[in-house]
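Coordinate inspection notes
Take a look at the letters that make up each chain.
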Amino acid sequence: MTRDRPDLLLPLMADLDTVVRQLGSQGLGAEVVIGDTGSRDPDVLAAYAEAPPEVTVVPDMVYHFSANNNALVRSAPVGFDTLLLLNNDVHLGGAVAVTAMLAALAEPETGIVGLRMTFPDGSVQHEGIELVPNGFRRGLPWHPGRGEVYRPGPPRYRAAAVTGACLMIRRSLWDCLGGLDEQYERECQDVDLCFAARRSGWGITVVDAGPIVHLENATRGMGDGSITDRRLFLRRWRTFTTAVRP
């Protein structure tokens with residue numbers, strides 16, 4: 001979902017146009033569906049009006065991460081067999097990362113794929129999600145390696161979960177799990193989805209396709225979390241085994 005912020009949206013739309021064209025050159029079809037939660041910026045509205053045919057904009061959504069993404073999947077004009085959830089503050093820079101994620105998802109036991117990402121300063125933002133093992137935050141999701149210097153790692157590896165900021169999933173698995181649980185409004189729904197997939201026997205893979213920048217919470221803002229979402233997550237998953245990384 002996005003609202004105004006032409007500094008994020010305009011580069012994103014250009015980026016996705018490149019991704020779609022590069023995928024097309026490989027014989028892969030792609031559609032882009034953008035959920036807008038009330039943009040009024042004239043540059044953003046002009047970009048929507050001039051968007052190419054493969055871009056569908058769903059306007060006037062009321063922000064609810066889970067419900068919005070579920071609605072966008074339902075509104076997709078073409079029924080592709082793979083979904084990519086992507087925040088407006090992730091800079092893919094082309095189709096290399098997407099094709100690497102598709103290759104990882106082609107592994108028969110893999111149901112969800114995430115992407116290793118960095119902050120603009122080059123430090124690690126995301127390389128998989130685990131649960132806090134002890135202390136007052138025990139059982140809540142956290143990002144191991146966050147803030148460390150990015151160094152190239154294995155091209156792909158298993159993790160307990162991945163962030164919904166850049167999450168690729170088989171459409172059949174998405175439908176089987178019912179998409180994102182709409183009891184979560186702001187956070188934890190991506191980890192909940194990954195754990196539900198793992199409980200059904202699917203693996204979660206992280207792909208390292210080189211430094212991919214994620215600004216993180218550039219639209220929503222830091223600290224805009226939900227105690228209600230965290231309590232729901234803890235009730236469901238606090239005792240779930242997460243030790244899967246090498």
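Refer to the structure above for everything that follows.
Residues numbered from 1 in each chain as written. Predicted model: local features only at pLDDT ≥ 70, side-chain atom pairs only at ≥ 80, totals over all residues. Heavy atoms only, no water.

Side chains of a nonpolar character, in soluble globular proteins, are inclined to be buried together. Counting residues in each nonpolar core, the largest one holds 32 residues, and the members touching the most others are Ile 112, Leu 167, Ile 169, Trp 174, Cys 194, Phe 195 and Phe 233. Contributing elements (two or more residues each) for this core: helix H3 (65-75), strand E3 (82-86), strand E11 (166-170), helix H5 (171-177), helix H6 (189-199), strand E12 (203-207) and helix H7 (227-237). Looking at this core, the element that brings in the most residues is H6, giving 5 residues. In contact with Leu 167, not counting residues within four places along its chain, are Leu 83, Leu 84, Leu 85, Ile 112, Val 113, Val 162, Asp 190, Leu 193 and Cys 194. The next biggest cluster of nonpolar side chains, apart from the first, holds 18 residues, and it includes Leu 92, Leu 105, Met 168 and Val 207. (Core = buried A, V, L, I, M, F, W, Y, C linked by side-chain atoms within 4.5 Å. Buried < 20%, exposed > 50% of the residue type's maximum accessible area, 1.4 Å probe, protein only. Helix = DSSP H or I, 4+ residues; strand = E, 2+ residues; numbered from the N terminus. Contact = heavy atoms within 4.5 Å.)

Quick look at the pairing of E11 now. Among the 5 residues that make up E11, 5 are buried, leaving the element largely enclosed by the rest of the structure. Across the two faces of E11 the burial is the same, with Cys 166, Met 168 and Arg 170 and Leu 167 and Ile 169 all buried. In the sheet, E3 pairs with E11 via 5 bridges, with the strands oriented antiparallel. Along E11, the bridge assignment pairs Leu 84 with Met 168. Pairing geometry for strand E5 (residues 110-115) and E11, over 3 bridges, is antiparallel. Its bridge partner lying in E11, Ile 112 is registered against Ile 169. (Pairing = 2+ DSSP bridges.)

On to the pattern of salt bridges. For side chains bearing opposite charge, pairing can occur when the charged atoms are close. Under the counting rule described, the total for this entry stands at 10 salt bridges. In this structure, Asp 60 engages Arg 40 in a salt bridge whose closest nitrogen and oxygen atoms are separated by 4.0 Å. Of this pair, Asp 60 sits in the loop between strand E2 (55-58) and H3 while Arg 40 sits in the loop between strand E1 (32-35) and helix H2 (42-49), placing them 20 residues apart in sequence. Judged on exposure class, the residue Asp 60 and its partner Arg 40 are both exposed. Across the pair Asp 208 and Arg 116 runs a salt bridge, and its minimum N-O distance is 2.8 Å. With Asp 208 in the loop between E12 and strand E13 (213-214) and Arg 116 in the loop between E5 and strand E6 (117-118), this pair connects stretches of sequence that are 92 residues apart. A relative accessible area of 8% means that Arg 116 is categorised as buried. Connected via shared salt-bridge partners are Arg 116, Glu 127 and Asp 208. (Salt bridge = Lys/Arg side-chain N within 4 Å of Asp/Glu carboxyl O.)

Turning our attention to the packing of helix H1 (residues 6-25) against H2. In a pair of packed helices, the angle between the axes and the distance between the axes together describe the arrangement. Where H1 contacts H2, the two axes come as close as 9 Å, and the packing angle between them is 20 degrees. With respect to their mutual orientation, H1 and H2 come out roughly parallel. Seen along the crossing, H1 lies across H2 with a hand that is left-handed. Contacts from Pro 6, Leu 9, Leu 10 and Met 13 in H1 reach Asp 43, Val 44, Ala 47 and Tyr 48 in H2. (Axes fitted to C-alpha atoms, helices over the stretch in contact; angles between N-to-C directions. Parallel < 35°, antiparallel > 145°, perpendicular 65-115°, else oblique. Left-handed = near helix turned anticlockwise from the far one by under 90°.)

Let's shift gears to unusual backbone geometry. In the Ramachandran plot, Asp 4 falls in the positive-phi region, its phi being about 55 degrees despite a non-glycine side chain. Asp 4 gets classed as partly exposed once you look at its relative accessible area, which sits at 24%. Even without being glycine, Arg 5 reaches a positive phi, approximately 50 degrees. Note on placement: Arg 5 falls in the segment before H1. Residue classification places Arg 5 among the partly exposed positions, given a relative accessible area of 29%.

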